[in-house]
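Inside the fold
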Amino acid sequence: MHVGFARPQVAELVLQLFGRSVHPELFGTRTAKALCRDDFAASLRICDEGHVIAFRYGSCTVTEVATTRSHTLPKRKRLFERKLCGFRDVAQTFDGGLRYWSSCQVERLNPDVFLNVHEELSADCARATLAHRFGSGHRLAPAPLSLLRCDAGGDGLLVHAFHTFPDECAVVRTQSLFEISG
């Protein structure tokens, strides 16, 4: 029986990129959505530790996973694993005209600023492509939340992900672009 939820520590988070699909049963999915366009398809998931974005274009599948370092995932076709800390950019080019770019940022805020940012993100949940509010570990503390905002066009998919960590007054932001060229 699942009783409540506690977010992992921000220091445990990593961003991984796979040059293949990763089986969804490997994640504790809270909510999911599929996006289909003429040229591509994407699967979005908010999971216990973060998110999973699987992007398919032609014969190429790329999967971005934001999770903890201790979360056991396959090593086959794992292209990179980067600790989520500070500010980082990564880029990868694939055969068939697909480019991937991601920018990650961890912001640790003072409590008053965190509450304001958390309230703004909470209001954004209604307009997000996908959002989930986790259970709060304390009745007076805000509940952690995750939301994904997507902009899907003919040339690819842009995903803005936000994950809040109230116990640490931290916000993890990623911006990922799956771009089709040619």
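Data block above holds the structure.
Overview of the structure. Since the structure is predicted, the reported quantities are computational estimates derived from the model, not experimental observations.

The next point concerns the pairing of strand β7 (residues 87-94). Two elements, β7 and strand β8 (residues 98-108), share eight bridges in a ladder whose sense is antiparallel. What sits directly across from Q92, in β8, is Y100. What sits between the antiparallel neighbours β7 and β8 is a turn of three residues, in which G96 has the positive phi angle 90°.

Strand order across the open sheet formed by six strands is β2-β3-β4-β5-β1-β6, with antiparallel pairing between neighbours. Both edges of this open sheet fall to β2 (29-36) and β6 (78-83), since each of them pairs with a single strand only. Neighbour-to-neighbour, the strand axes of this sheet turn through a mean angle of 10°, independent of strand direction. Bridging between strand β4 (residues 51-57) and strand β5 (residues 60-68) involves seven bridges; their strand directions are antiparallel. Bridging from a neighbouring strand, I53 pairs with E64 of β5.

Taken as a whole and judged by the stated rule, the model has zero disulfides. As a non-bridged cysteine, C60 has C36 as the owner of its nearest cysteine sulfur, 17 Å distant. Judged by its relative accessible area of 14%, C60 is buried.

Cut-offs and rules
Throughout, a residue's number is its position along its own chain's written sequence, starting from 1. The model is predicted, so local features are restricted to residues of pLDDT at least 70 and side-chain atom pairs to those at 80 or more, both for listing and for counting; the totals for chains, interfaces and linings are taken over all residues. Side-chain metrics rest on all non-hydrogen atoms present in the structure, leaving aside hydrogens and water. We treat two strands as partners when DSSP finds at least two bridges between them. By definition, any uninterrupted DSSP run of H or I lasting at least four residues is a helix, any uninterrupted run of E lasting at least two residues is a strand, and each is numbered from the N terminus. In this analysis, axes come from line fits to C-alpha atoms, helices being fitted only over the stretch in contact, and the angle between any two N-to-C directions falls in the range 0 to 180 degrees. Note on terminology: pairs of cysteine sulfur atoms within 2.5 Å are recorded as disulfides. Here's how the labels work: a residue is buried when its accessible area is under 20% of the maximum for its type, exposed when over 50%, partly exposed in between, all with a 1.4 Å probe on protein chains only.

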